[in-house]
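Each chain, written out:
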Amino acid sequence: MKCARLTVFAALFAALTAPAAMAELVLPWLSYRTGPYSPGGIPTGDGFADYLTLINERDGGVGGELIRVVQCETGYNTARGVECYEQTKGENPLVYQPLSTGITYQLIPKATADKIPVHSMGYGRTAAADGTVFEYVFNYPANYWDGASIAVNHMLDLNDGSIEGKKIALVYHNSAYGKEPIRTLEELSKKHGYSLSLYPVDAPGQEQKSQWLDIRREQPDYVLLWGWGVMNATAITEAANIRFPMENFIGIWWSGSENDVLPVGERAHGYKALSLNGNGTDYPLYDDLKEYVYDPEKFSGDGSSIGTVLYNRGMYGALLTAEAIRKAQEIHGVSNITSVMMRDGMENLVITEETMAGLGLPNFGPAFEVTCENHGGPGIGWVSQWDAHAKEWNFITDRILPDKEVINALVAEASAQYAEEQGIARRCQ
Amino acid sequence: MFYREVGDYKTTYADDSQTFPIRFDRLRYFFVLFVAIAIVPLWIDDYWSNAVLVPFLVWSVAAIGLNILTGYCGQISLGTGGFMAVGAFACYKLMTQFPELNIVFCILASGIVTSAVGIVFGLPSLRIKGFYLAVATLAAQFFLVWLFNKVPWFYNYSFSGQITAPERTVFGLPVTGPNVEPWAQYLICLAFVFVLAWGARNLTRGALGRKWMAIRDMDIAAEIIGVDPLRAKLSAFAISSFYVGVAGALYFAVYLGAVEATEAFGINQSFLVLFMIIIGGLGSIFGALIGAAFMVLMPIVLKNILTGGLNWEPSLATHVEFMLVGCLIMVFLIAEPHGISQLWNIAKQKLRLWPFPH
């Protein structure tokens, strides 16, 4: 009896203990392939893993060091994200990419204390763009406030530079993620004279009937969508149900994937979404991916997401990470870098048009430089539109720059508030 | 053999009415305490603290709280998540408005605030019972979470509605914020669990606990023998909410460090705590602890076995884990509808007679 119980306890104890460390460059990926957010989590995770598989297979890793992606399932749940962080922390990870604004908020103080960088590409805490306060947090190349501003700038372009008196509605995920753009949109409304109305949608977002009823009554000129997971497809369906003109319905880059529009069918035709990165498979890199990853069947997941918007997004995240590793190796002259060295690599990252072309992804993302003060990048984006007949996303604008004057002031204000609350001394002076 | 009373003579009333009257049981209790206080902090690391022990301790407090209300007083509540949110936001407001105030007092004060809110939402219990009361407390759940999401004052007008715990110290050691040592974080939670569990155990053995149980077993009979239902029910709501509020404050300040009302304190958390006490055993402090352990640790154990030990895909492992946890809940409830604590009691009875069962 006693002996059996001891064995059980020993087994439980062993099962609770985190696995041991190995000598490779470890990149944790806090994935979510289950639950209501898996339509977003699966393709992004596949793209991230496949790009790094390619780097390992084709180049033998970065600087001769193989890269190991450690996936940990969070289900988009914050407490699970923390558990994943603690579990993978022992393996000397270089950088965390949580793909969840809630988990990013959670990890910012913890990872900073542990001296591990967090890269929240196009999500997370926008104030982290201020490198003087957030030493270990990066959100280049663009953040939510850039996104909000790009959407407004796009409306300005459509209306010959004036959206005075227009009505804009924001349908958002009622969480830190969805609330992020509100402040910026309010500031911009003062500048451009539009009126803003807010429609929060509670997680997971399958219940939006009442919000869209209100929208039908209020007849806004434009609707912005800040949704994720199953919420996106539901919102587009509801918009189609009230016959809202799709070309006036603009989603953030997390609300513009194939998984969001395909379930709606023909009625989603004309829906617009912002984009951070190039679409489709028409890049030289895809030839290499086919040769080294797809044909030998080394791809992540079931391969169905290859070439989709979010797959490319995940790939872009992996690319920026790999380039930051290269930079860190260059700065410190060692190939087996630590997370602290990785931070230096991220802070000195320079991406040019030539870099992107050299990596086989010409014009895939913007050229930018990260500096000590600016961890947020240039915030450039495009507007793409869904063609439901051809089933593809097409870019309909050139690069759109955000209103950095408004955003920088907001970032400075938000980061100052955080610095004061947490008692952080400013860097880069 | 074990758990034997033979030769254990009680010569004083104090001896006779102690919590653990059997010597072996008492020694085991002191042994567990000794391991928890003196041994565990020596080897605890970030993973064990943040992912395993601290969540277990925090949920234990919430489970004890709900067990007082549901297990002892018989009032079903689905508002646990909302009450935890009250504790968390009260703690955040106190921490940021009064930076000099010691975190221990912040957490206790959050409990008191929550108990006031609990009394208000407990008032309907005087008129309605059972499922109807469950629905009334469900309203509390949705209202409170909505309130903390809607009114910016509660989250100090931050852009995102997230609240982040600043660093606070006890005896000069940080217990909240990112620079906390794992053992300090563990010990502060353990201290709260120990004191609160000890308090709950003694409350439920005393006059108040007997009144609660009288109300639970038959409220009309209890009223006839002189139990005031108003006092009994509202005291159960107040004390239960105090515990739940403290749990919410610990959950926010010590465990997660940053939360948002909708995700951290949703209806799922209310159900989680309810499952804990049902699986652990209604009307038992040990049941609350073992139920919390079961619900918190079982998913982590399964996840580590499936992904770490068997090297499964994380997504497949998660799906299997959901199914296994569900199956285990059913198995335990079919094997023993009164919860794991009842299994423990049966085991103790058997051990008392072992090896001569007759």
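Small disclaimer: the values here were computed from a predicted structure and weren't measured.

K.L.:
What is the right way to look at the overall build of chain A in this model?
P.N.:
Looking only at helices and strands, chain A features 14 helices and 13 strands. Radius of gyration (C-alpha) of chain A: 22 Å, near the 22 Å computed for a compact globule of 429 residues. Along the first, second and third principal axes, the C-alpha atoms of chain A reach 70 × 55 × 50 Å. Here chain A holds 429 residues, and 56% of them are scored as buried.

K.L.:
Explain the domain arrangement of chain A to me, please; I cannot follow it from the model alone.
P.N.:
The accessible area lost on association of the parts is a frequent measure of interface size. Residues and elements named next belong to chain A. The domain architecture assigned to chain A consists of domain 1 (11-143 + 280-378 + 411-422) and domain 2 (144-279 + 382-408). Taking only C-alpha atoms into account, the centre of domain 1 sits 26 Å from that of domain 2. Contacts between the two partners involve 29 residues from domain 1, matched on the other side by 26 residues from domain 2. Among the elements of the structure, α2 (38-59), α4 (101-114), α11 (309-332) and α14 (404-422) are those that each provide at least two residues to the side of domain 1 that touches domain 2. By residue number, the principal contributor to the side of domain 1 that touches domain 2 is α11, which donates five residues. Here the side of domain 1 that touches domain 2 is built from residues that sort into 17 nonpolar, 11 polar and one charged.

K.L.:
Which parts of the structure should I look at to understand the pairing of strand β7 (residues 222-226) of chain A?
P.N.:
The side chains of a regular strand alternate between both faces of the sheet. Residues and elements named next belong to chain A. Burial analysis of β7 places five of its five residues in the buried class, which makes it a mostly covered element. Pairing geometry for strand β5 (residues 167-173) and β7, over five bridges, is parallel. When the bridges of β7 are listed, A169 appears paired with V223. The pairing of β7 with strand β8 (residues 249-251) spans three bridges and is classified as parallel. Bridging from a neighbouring strand, V223 pairs with F249 of β8. In this fold, the crossover linking β7 to β8 by way of helix α8 (residues 230-241) has right-handed handedness.

K.L.:
Even after reading the chapter, I still don't get the interface of chain B and chain A, so can you show me in this structure?
P.N.:
Counting from both sides, the interface comprises 32 residues of chain B and, opposite them, 38 residues of chain A. Of all the elements, helix α13 (residues 285-309) of chain B adds the most residues to the side of chain B that touches chain A, at six residues.

K.L.:
Got a minute to help me understand helix α2 (residues 23-43) of chain B in this structure?
P.N.:
The periodicity of an α-helix, 3.6 residues per turn, causes residues three or four places apart in sequence to face the same way. Residues and elements named next belong to chain B. Counted at 1.5 Å a residue, the expected span for α2 with its 21 residues is 30 Å, and the 30 Å between its end C-alpha atoms agrees. Of all bends in α2, the biggest is about 35°, found at A36. Among the 21 residues of α2, zero are classified as buried, and the element is accordingly described as predominantly exposed.

K.L.:
Hey, could you run me through the sheet that holds β7(A) in this one?
P.N.:
Working definition: the strands of a sheet are paired by backbone hydrogen bonds and lie parallel or antiparallel to each other. All names here are of chain A. The seven strands lie next to each other as β6-β5-β7-β8-β9-β12-β13, forming an open sheet whose pairing is mixed. The sheet terminates laterally at β6 (195-201) and β13 (392-395), the two strands that pair on one side only. This sheet shows a mean twist of 30° between the axes of neighbouring strands, independent of strand direction. Bridging between strand β9 (residues 272-275) and strand β12 (residues 382-387) involves four bridges; their strand directions are antiparallel. Each bridged residue has a counterpart across the sheet, and for K272 the counterpart in β12 is Q385.

K.L.:
Please explain unusual backbone geometry as it appears in this structure.
P.N.:
Note: most peptide bonds trans; most residues except glycine with negative phi. Cis rather than trans, the peptide bond between A:Y140 and A:P141 has omega equal to 5°. Its location among the elements puts A:P141 in the loop between β4 (137-138) and α5 (144-158). Across the junction of A:A203 and A:P204, the peptide omega takes the value -5°, indicating a cis bond. Along the chain, A:P204 falls in the loop between β6 and α7 (209-218). Despite not being glycine, A:K391 has its phi angle at roughly 55°, a positive value. Its place among the elements puts A:K391 in the loop between β12 and β13. C-beta crowding within 10 Å serves as the criterion here: with 10 such atoms nearby, A:K391 is assigned to the exposed category. If you check the backbone angles, B:N311 has positive phi at about 60° while not being a glycine.

K.L.:
Got a minute to help me understand the packing of helix α7 (residues 182-205) of chain B against helix α10 (residues 229-256) of chain B in this structure?
P.N.:
The description of two helices packed together rests on the angle between their axes and the distance between the axes. Residue and element names in this part refer to chain B. Where α7 meets α10, the closest approach of the two axes is 12 Å, and the angle between their N-to-C directions is 175°. With respect to each other, α7 and α10 are oriented roughly antiparallel. When α7 is examined against α10, the residues Q185, I188, C189, F192, L196 and L203 are found in contact with a partner set consisting of I239, Y243, V246, L250 and V254. Its residues assigned to classes, the contact of α7 with α10 comprises 10 nonpolar, one polar and no charged.

K.L.:
What is the right way to read the nonpolar core from this model?
P.N.:
For soluble globular proteins, nonpolar side chains are generally found buried alongside one another. Counting residues in each nonpolar core, the largest one holds 229 residues, and the members touching the most others are B:V58, B:V61, B:A88, B:C91, B:C189, B:L250 and B:F252. At 17 residues, the largest contribution of residues to this core is made by α10(B). In terms of domain composition, this core takes at least three residues from each of domain 1 (11-143 + 280-378 + 411-422) and domain 2 (144-279 + 382-408) of chain A. Ignoring any residue separated from it by four or fewer positions in sequence, one finds B:F252 in contact with B:A88, B:C91, B:Y92, B:I163, B:A165 and B:V259.

Parameters and conventions
- Residues numbered from 1 in each chain as written.
- Chains lettered and ligands numbered in written order.
- Predicted model: local features only at pLDDT ≥ 70, side-chain atom pairs only at ≥ 80, totals over all residues.
- Helix = DSSP H or I, 4+ residues; strand = E, 2+ residues; numbered from the N terminus.
- Rg over C-alpha atoms; globule rule 2.2 N^0.38 Å.
- Buried ≥ 20, exposed ≤ 12 C-beta atoms within 10 Å, placed from the backbone.
- Domains from an automatic or database assignment.
- Contact = placed C-beta atoms within 7 Å.
- Nonpolar A, V, L, I, M, F, W, Y, C, P; charged D, E, K, R; others polar.
- Pairing = 2+ DSSP bridges.
- Right-handed = clockwise from strand over helix to strand, strands pointing away.
- Expected span 1.5 Å × (residues − 1).
- Bend = angle between axes of the 7 residues up to and from the residue.
- Axes fitted to C-alpha atoms, helices over the stretch in contact; angles between N-to-C directions.
- Parallel < 35°, antiparallel > 145°, perpendicular 65-115°, else oblique.
- Core = buried A, V, L, I, M, F, W, Y, C linked by C-beta atoms within 7 Å.

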